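Here are the chains, one letter per residue:
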Amino acid sequence: MIERESALHLLRSVLQDSPADQTEALLLTEDSSLTRFANSAIHQHVAERNQVLVLRVILGKKIAVVTTNIFNPSSVKKSLKKAIALAKVQHPNEEFISLPEPRSIPLIETFSKDIQRLTPDKKVKMIKEILTLVKEKGFKASGAFSNGDVELAVVNSLGVEAYQRFSDLFFHLIVEDGASSGYAGFVSRDVDPFNLSPLAKEAIEKASRGEPIQIEPGEYEVILEPYAVSELLSFLGYLGFHSLAVQEGRSFFCNEFGKKMVDEKVTIYDDGLDPEGLRVPFDFEGVPKQKVIFFEEGVAKEVTYDSFTAGREGKGSTGHGLIAPNTAGPIPINLFMKGGNSSLDEMIRSVRKGIYVTRFHYTNVVEPMRAVITGMTRDGTFLIEEGQIKKPIKNLRFTESILRTLSRVSAISKERRVCSEGTVYSRRFVTGTVAPAIKVDGFNFSGVSVL
Amino acid sequence: MKTLILNILDLAKLKGADYADIRIVRRQNEEIEVKNGKVEALTSDEDFGFGIRILIKGAWGFACSSKVAKREMETVFGRALKIAKASSKVKGKEIVFPSSPPRVDVYGTPVSIDPFDVVPERKIDLLLKADEIIRRNKKVKISEAFLGSYKTEKTFASTEGSYIEQEIVECGAGIAATAIEGGEVQVRSYPNSFRGNFATKGYEWIEELALEHHAQRVADEAEQLLSAKPCPSKITTLILDSSQLALQIHESIGHPIELDRILGTEASYAGTSFLRPEMVGHLKYGSEMVNIVADATYPGGLGTFGYDDEGIEAKGFPIISQGILVNLLTSRETAHYLGKESNGTMRADGWNRIPLIRMTNISIEPGEWTLEGMIADTEEGLFLSTNRSWSIDDKRINFQFGTEIGWEIKGGKLGDIVKNPTYTGITLKFWNSCDAIGSRDHWQMWGTPNCGKGEPGQVAHVGHGAAPARFRNIQVGVMK
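Criteria and thresholds
Residues numbered from 1 in each chain as written. Chains lettered and ligands numbered in written order. Predicted model: local features only at pLDDT ≥ 70, side-chain atom pairs only at ≥ 80, totals over all residues. Helix = DSSP H or I, 4+ residues; strand = E, 2+ residues; numbered from the N terminus. Rg over C-alpha atoms; globule rule 2.2 N^0.38 Å. Buried ≥ 20, exposed ≤ 12 C-beta atoms within 10 Å, placed from the backbone. Contact = placed C-beta atoms within 7 Å. pLDDT = per-residue confidence, 0-100. Nonpolar A, V, L, I, M, F, W, Y, C, P; charged D, E, K, R; others polar. Pairing = 2+ DSSP bridges. Domains from an automatic or database assignment. Axes fitted to C-alpha atoms, helices over the stretch in contact; angles between N-to-C directions. Parallel < 35°, antiparallel > 145°, perpendicular 65-115°, else oblique. Left-handed = near helix turned anticlockwise from the far one by under 90°.

Asks: Is there a simple way to think about the overall build of chain B in this case?
Replies: Along chain B, the regular secondary structure elements total nine helices and 24 strands. For 480 residues, the compact-globule estimate of 2.2 N^0.38 gives 23 Å, and chain B sits close to it at 23 Å. Taking the principal axes of the C-alpha coordinates as reference, chain B spans close to 70 × 55 × 35 Å. In chain B, which comprises 480 residues, the proportion classed as buried is 61%. Pairs at least 24 residues apart make up 75% of the contacts formed inside chain B by residues separated by at least 6 positions.

Asks: Looking at this model, I keep getting lost on the confidence of the model for chain B. Mind explaining?
Replies: Low-pLDDT stretches of the model should not have their predicted coordinates read in fine detail. Taken over all residues, the pLDDT of chain B has a mean of 97, while the share at 70 or more is 100%. Predicted complex metrics record ipTM = 0.95 and pTM = 0.96.

Asks: So what exactly am I meant to see when it comes to the interface of chain A and chain B here?
Replies: Where the parts come together, the accessible area they lose is often given as the size of the interface. Counting residues at the interface gives 73 residues for chain A, matched by 71 residues for chain B. Take the side of chain A that touches chain B: its biggest share by element is 11 residues, from strand E2 (residues 41-59) of chain A. Residue composition of the side of chain A that touches chain B, by class: 30 nonpolar, 31 polar and 12 charged. Examined bridge by bridge, strand E3 (residues 62-68) of chain A and strand E2 (residues 38-56) of chain B share four bridges and lie parallel to one another. Of the residues in E2 of chain B, the one forming a bridge with Val66 of chain A is Ser44 of chain B.

Asks: In this structure, what is going on with the domain arrangement of chain A? I would like to understand it.
Replies: All names here are of chain A. When cut into domains, chain A gives domain 1 (4-207) and domain 2 (218-448). In this structure, domain 1 and domain 2 have C-alpha centres spaced 23 Å apart. Listed as interface residues are 42 residues of domain 1 and, on the opposing side, 34 residues of domain 2. Of all the elements in the fold, those that place two or more residues in the side of domain 1 that touches domain 2 are strand E1 (22-38), E2, strand E4 (140-156), strand E5 (161-176) and strand E6 (181-188). For the side of domain 1 that touches domain 2, the per-class residue count stands at 20 nonpolar, 14 polar and eight charged.

Asks: Hey, could you run me through the domain arrangement of chain B in this one?
Replies: Residues and elements named next belong to chain B. Examined at the domain level, chain B breaks down into domain 1 (2-227) and domain 2 (230-476). Using only C-alpha atoms to locate each centre, domain 1 and domain 2 end up separated by 21 Å. Taken together, the 42 residues of domain 1 in the interface contact 33 residues of domain 2. In the side of domain 1 that touches domain 2, the residues fall into 18 nonpolar, 14 polar and 10 charged.

Asks: Please clarify how the packing of helix H3 (residues 120-135) of chain B against helix H5 (residues 211-226) of chain B should be interpreted in this entry.
Replies: The angle between the axes and the distance between the axes are what describe a pair of packed helices. Residue and element names in this part refer to chain B. Contact geometry of H3 with H5 gives a least axis separation of 8 Å together with a crossing angle of 25°. On the basis of the axis angle, H3 is roughly parallel to H5. You can see that H3 and H5 cross each other, and the crossing is right-handed. On H5, the residues that touch Leu126, Lys129, Ala130, Ile133 and Ile134 of H3 are Leu211, Glu212, Ala215, Gln216, Val218 and Ala219. Residue composition of the contact of H3 with H5, grouped by class: eight nonpolar, one polar and two charged.

Here's what the structure looks like:
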């Protein structure tokens, strides 16, 4: 890892060399490892060390971005030169106002030495423990266990200087016997709450209810576990909770602010500083995170901004800028849904005939303005009858509006959990959504997975 | 470079590795995104690093770093070795990794115009021109144009003596018009949704696409969709255009035939497959006219290369012949489940990922029909074009797709436009209902640059050749 002073020194030196009117330099480093197991054996175990420098230069209102992971001084100079050359041929973007001014950044701890100390041997030992637990019950296990050490530093020519070191640990487990499967997942910035036995128990219980039966698709009462709810929240974040979608007229929030859109029990917000989530003190522009409330007791309230979309409206960024050039908008990455008063057991007991969903799979947008998505259930879908989970059922396809779903929420669990698949593509920055379980009075299943 | 590589391979032999390979990969990307007359993104990325894969004591270890230097490479080798040794304590069935004859070769994508030799100004002008034509339609509120150029230089070397240098050049472009009115949002794009169409070709490919010639049509169709009637909900005859059929092949044939999924090693993320190795040679996957091939040598295909990332030369082979499943996509480690050798489909998304079984160019062979003839032969149904959404379960059985636009077919003629079209089905039932496939004249290669798989996540660039095709008794209109 580069550490705070070296990281900021490197970025400051880039700024000093830059002839641009405004310059932003971002550094993202990664030291990570991921162990994957299937059929109750480790089949993949990888480790990565990488560092990326992202330079955003502005000449007047002409903007260009250059990224490199080659860090010798001549290469960094070459990248800066390349960025300037690109900016010169760029067309001005009159809507660009400025990179952000410096603001005070909250001091929070997001680094864990214990996560850093997880050696390959330690991880393999832990996986062996869980595989033994699963095997004892007659099941096979697959999953992944990953830990990472990530540094984010942002410096700009207006005086922004931000650095943070993050730890992350994620684990997910699928237990199956060829007929049924069950899932459990965990994500944290701290190793202390990571306890394998309850996770194994959770997944094993889901898979232990026998051969799934087939039921007819249609509208059912549903209980959605936090894993499933977090997926719905993420889609709302992507489709409509941010200023770019509103400015472009493609958000379900357009013309709806101040109006009640979903059930009054529903409050959804983004909060990078809430210790229950995966905390992030500032965004990828070095702006401190502000809490943004999307739905307050069912009423559409506000959206997230980065410096560009905020500049368009003469506002300040809410601290939701993503890595430049971000043309997708300031999509929130620290989502929360407020918990309710129910226990999961109470919610199940209140269902006469319905379906219990652990998680969704391969969801995708069907109609953005109504937030209609489709996807499949996976790893723990059950029929509930007369207040009891009766039998596992074959996976179902749903095609449903998330807004309609949230309008029909009749109970919300008190307990919440942090959910993240931990999927890491090109750059590691693990995020999580804090979600409760919800009971929905009508949810549309449009198909069933049967050959 | 060669000295650095050979040093690691010597070290691997010294430490008793059963096998080791190293890849050094340099990637160069340039992307330009235009939106509403402005160049929203002008970016240049450079990515360089190496990855070492080692097999020892029956277990794999992999470690990688962006610092390509002797000392770091030795440290990373040590890390990979440590990982493999730790993993060997929880190994499953004995790994069968047959040796492969060493190959020393150089491969390069044939290009007429290197896209990195074309100045950004020229590319920006091309996109702005198309964008300006789209914006002439006042119902269009978001106009977009994209152009991407990619170059990957990789050196693969193994303890078996292979030393392969490859340079893969890719580029692609596309335009999209989003019409918005009264809460209705409708998109049309060309040549395909999600940024366009991509190929292993030079800048000549961008010129062939002729974006501005299609700009007005996409804008007009986006406007027409605003007032179009909704897709009906019924069971009917479905004709898919070539681009949508390409994605249908991708999701419901390409992924299920990946042998690593079949053997369960993708269970924790992308999922498994309804197929089993013993189904090869027997399973009636589709109707007799369905012939699917995998061909990593097809000129210009986005899944075209010289050698895979295990040093196996690219090849072409049938997957489905006259409706019967005859082969799967395999690796050196998995091919023995079929009693065969690897068919060379192991590819990694850069230096910092291990190779996985990935699609190459998975294509349907053309049939005899013209599109016009197919429509004229259809009494009642829908013709759907250009993907908008996709979803399929973890075993690849139940799928649902949405397209940007559809047309009713009545009495053998195209009728009204329908908006928000969707269709759903069961993989085997669907492919067995295919009763017409377009001819070579209607067949086209499509590049899919966003195929996700693996943990940590990997994005593969794959290709699919397809012609329009007809399917009977399909559920359409599943919108709630």
